[in-house]
Amino acid sequence: QVQLVESGGGLVQPGGSLGLSCVVSRTIFSTFAMGWYRQAPGKQRELVAAITRGGSTIYADSVKGRFTISRDNGKNTGFLQMNSLEPEDTAVYYCNLGYYSGTTYRPRDYWGQGTQVTVSS
């Protein structure tokens, strides 16, 4: 059984930064692409950023230039660095293992439990 465990969420003021981590329990991590999703209250879950096995990245327009996704295959860990945070970034953030179909990220049924990010003064 594959487990994904996120950490790093919390409360931050607008303009602040947070870094999220996602540790995968097995060495299969390097065989998958990875994505970070978020879900705000009353909204659908949306893809924030994704990274291929080789390190190529895509971002939602709303976070481009502010968020950075990365991975360390040797440590079975993915990361999401979030800078210049805005109240609209408030959501539960989930990591996921998936694959690419062309240039589109497709999630597999491997999800973390989620970590809350709250941006508020």
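Anything mentioned here points back to the structure above.
Quick notes on the rules
Position labels on residues start from 1 in each chain and follow its written sequence. Residue-level local features of this predicted model are given only where pLDDT is at least 70; pairs of side-chain atoms are given and counted only at 80 or more, and the full residue set underlies all totals for whole chains, interfaces and linings. To get the side-chain values, all heavy atoms of the structure are used, and hydrogens and water are removed first. We define a nonpolar core as any set of buried Ala, Val, Leu, Ile, Met, Phe, Trp, Tyr and Cys residues linked to one another through side-chain atoms lying within 4.5 Å. Throughout this description, buried means an accessible area under 20% of the type-specific maximum (1.4 Å probe, protein chains only), exposed means over 50%, and partly exposed covers the range between. Secondary structure is summarised from DSSP: a helix means a run of H or I of at least four residues, a strand means a run of E of at least two, and numbering begins at the N terminus for each. The contact rule is simple, with two residues in contact once any of their heavy atoms fall within 4.5 Å.

Draft legend 1. Here's a closer look at the nonpolar core. Ranked by internal contacts, the top residues of the largest apolar core, which has 29 residues, are Trp-36, Phe-67, Leu-80, Met-82, Tyr-93 and Leu-97. Among the secondary structure elements, those contributing two or more residues to this core are β3 (18-24), β4 (33-39), β5 (46-51), β7 (67-72), β8 (77-82), β9 (91-101) and β11 (115-119).

Draft legend 2. Structural detail: the environment of Tyr-100. Within the secondary structure, Tyr-100 sits in strand β9. Since its relative accessible area comes to 23%, Tyr-100 is described here as partly exposed. For the pair Tyr-100 and Met-34, spaced 66 residues apart in sequence, the C-alpha to C-alpha distance is 9.5 Å. With sequence-adjacent residues up to four places away left out, Tyr-100 is seen in contact with Ala-33, Ala-50, Ile-51, Thr-52, Ser-56, Ile-58 and Tyr-105.

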